[in-house]
Amino acid sequence: MKIKKPVISAAPMVDKTDRYFRNFVRMINKDVLLYTEMVTAQAIIHGDLERILGFDEIEHPIALQIAATTPEDAYKAVKIAEEYNYDEINLNVGCPSDRVSGNMMGACLMAYPELVLDVLNAMKEATKKTVTIKHRIGIDGKGILPDNMGKTLFEKYEDMLNFVNIIEKAEPDRYTIHARIAVLAGLDPKQNREIPPLRYDEVYRLKAEKPHMQIEINGGIKTKEDIEKHLEHVDGVMIGREFYDNPMFLAEVNSFYNNGNENITRDEILEKMIPYLENLERNGERTHLFMRHTLGLFHNAKGSKYWKNSISSQNLKNNKASHIVREILKNIRKSEI
Ligand SMILES: Cc1cc2nc3c(=O)[nH]c(=O)nc-3n(C[C@H](O)[C@H](O)[C@H](O)COP(=O)(O)O)c2cc1C
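Residues numbered from 1 in each chain as written. Predicted model: local features only at pLDDT ≥ 70, side-chain atom pairs only at ≥ 80, totals over all residues. Heavy atoms only, no water.

**Quick notes on the packing of aromatic side chains**
For the structure shown, the criterion picks out 6 aromatic pairs. With 5.3 Å between their ring centres and 50° between their planes, F243 and F249 make a pair best called tilted. With a centroid separation of 5.4 Å and an interplanar angle of 40°, the aromatic rings of F298 and W307 are classed as tilted. Here F298 and W307 have matching classes, each one buried. Among the aromatic residues, ring-to-ring pairing joins F24, Y276 and F290 into one connected group. R266 extends its terminal NZ or CZ atom over the ring of F298, reaching a point 5.2 Å from the ring centre. (Phe/Tyr/Trp six-rings, centres within 6.5 Å; stacked < 30°, edge-to-face > 60°. Buried < 20%, exposed > 50% of the residue type's maximum accessible area, 1.4 Å probe, protein only. Lys NZ or Arg CZ within 6 Å of the ring centre and 35° of its normal.)

Structure follows, in structure tokens:
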């Protein structure tokens, strides 16, 4: 197991944490653990591998997140992914979307700990790499889980404990726990990240009762102070939306690694963007796919509107992104924004 401490991760987010975003993160922070978007095992088994699994060396350390319904699929997918040399493979047991729950993947699996145990064992059989799991503190499965299960509510601390007691037999290297339950019917995925209350104490309690486990907490973490507070109780923190919406937070987080980059400035980041964009342009790739992830670079700062307008998709259609960024950099340096 090669886990670098403290573990601070950039959460997996579909439609956001693609290669372009991950390259952008690396222009700001070289140490946070990156996650791919969730990929189903079936997509890996049948899909265009380079498009689904390809990543750049600079993205290390990087974890691949998979969703799987059966141990057989999980085994096959992880074996295939071995070619790509991810640092970690993570199993998604936290996604509440219908599309995923309806296929017996994601958060609904919290009602089937024995199956999750088998899936984790299959993953560990397929790789020597770090194998981890991301789950919720519980689920409300009314309307989705079959009535003949006996119960559809798994929302108490004891339910999470029971889940963990079973899956820990597979010895996952880390448990990342989104500290709110998922409501499988009635709330959409966005609401499921906002409405069920955060219950950090239950994650702390699990770590206190099972100190041998590596536990990472997730949900609503927005500041360095939040991180410090959580690290008094658990081994790591995972941050999703705040890194995406406010990428300069990634710069602040450098202070946890003593890597000398905590004072990296926006113009230094823009400078790093130029050769990256030029490379995309040479390869005929659409630079909008990268630039769309950088909209928050001036979050709550002077120049935010100017930045967003300058990199609008319309502007990117008419001008080379590398030229736009070069121009903006000049203006910033002349303090013209
Ligand atoms: C747009 C979006 C897509 C997401 N996709 C995934 C996903 O693919 N896999 C997953 O485990 N969680 C996914 N999540 C949940 C995040 O990983 C994270 O658990 C959640 O946003 C709470 O953390 P935060 O409050 O720091 O954002 C997604 C979240 C968002 C906002």
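**Quick notes on the sheet that holds strand β9 (residues 182-183)**
Pairing between the strands of a sheet is mediated by backbone hydrogen bonds and can be parallel or antiparallel. Ordered by their spatial adjacency, 3 strands build an open sheet running β7-β6-β9, and the pairing between neighbours is mixed. Each edge of the sheet is formed by a strand with only one pairing partner; in this case those strands are β7 (153-154) and β9. Strand direction decides the pairing type here: strand β6 (residues 139-140) and β7, joined by 2 bridges, are antiparallel. Within β7, the residue paired with D140 across the bridge is L153. (Pairing = 2+ DSSP bridges. Helix = DSSP H or I, 4+ residues; strand = E, 2+ residues; numbered from the N terminus.)

**Topic: the sheet that holds strand β11 (residues 236-239)**
As summarised here, the arrangement of the 8 strands in space is β1-β2-β3-β4-β5-β8-β10-β11, forming a closed barrel in which the pairing is parallel. Averaged over all adjacent pairs, the angle separating strand axes in this sheet is 25°, with direction ignored. The pairing of strand β3 (residues 62-67) with strand β4 (residues 88-93) spans 4 bridges and is parallel. Considered in β4, the bridge of I66 is made with L91. Sitting on the sheet, helix α8 (residues 200-209) touches β8 (174-178) and β10 (215-218), and the angle it makes with β10 is about 180°. (Axes fitted to C-alpha atoms, helices over the stretch in contact; angles between N-to-C directions. Contact = heavy atoms within 4.5 Å.)

**Things to note about the site of the ligand**
Taken together, the neighbourhood of the ligand is formed by 17 residues, with Q65, N218, G220, G240 and R241 sitting nearest. G240 is positioned such that a nitrogen or oxygen atom in its backbone is 2.8 Å from an oxygen atom of the ligand. Here the ligand has 610 Å² of accessible area as a free molecule, and 91% of this is covered by the chains. Looking at side-chain class alone, the shell around the ligand contains 6 nonpolar, 7 polar and 4 charged residues. (Near = heavy atom within 4 Å. Polar contact = N/O pair within 3.5 Å; in protein donor to acceptor, adjacent residues only side chain to side chain. Areas by Shrake-Rupley, 256 points an atom, 1.4 Å probe, with all protein chains shown as cover. Nonpolar A, V, L, I, M, F, W, Y, C, P; charged D, E, K, R; others polar.)

**Digging into the domain arrangement of the protein chain**
Interface size is commonly expressed as the accessible surface area that is lost when the partners come together. Under the domain assignment used here, the protein chain contains domain 1 (7-257) and domain 2 (266-333). For domain 1 and domain 2, the distance between their C-alpha centres works out to 31 Å. Each partner contributes residues to the interface: domain 1 has 16 residues there, and domain 2 has 15 residues. Connecting domain 1 to domain 2 are 2 salt bridges. A salt bridge links D15 to R292, with the nearest nitrogen and oxygen atoms 3.4 Å apart. Joining domain 1 to domain 2, the criterion identifies 6 residue pairs in polar contact (both at pLDDT 80 or more). When residues of the side of domain 1 that touches domain 2 are traced back to their parent elements, those giving at least two are α1 (19-28) and α10 (241-245). In terms of residues, the side of domain 1 that touches domain 2 owes the most to one element, α1, which gives 7 residues. Residues of the side of domain 1 that touches domain 2, tallied by class, amount to 8 nonpolar, 2 polar and 6 charged. (Domains from an automatic or database assignment. Salt bridge = Lys/Arg side-chain N within 4 Å of Asp/Glu carboxyl O.)

**A look at the packing of helix α7 (residues 157-167) against α8**
Running from amino to carboxyl end, α7 crosses α8 at an angle of 45°, the nearest separation of the two axes being 11 Å. Considered as vectors, α7 and α8 are oriented oblique to each other. Crossing hand, α7 versus α8: right-handed. Contacts between α7 and α8 involve Y157, E158, M160, L161 and V164 from the former and E202, R205, L206 and E209 from the latter. Partitioning the contact of α7 with α8 into residue classes produces 5 nonpolar, no polar and 4 charged. (Parallel < 35°, antiparallel > 145°, perpendicular 65-115°, else oblique. Left-handed = near helix turned anticlockwise from the far one by under 90°.)

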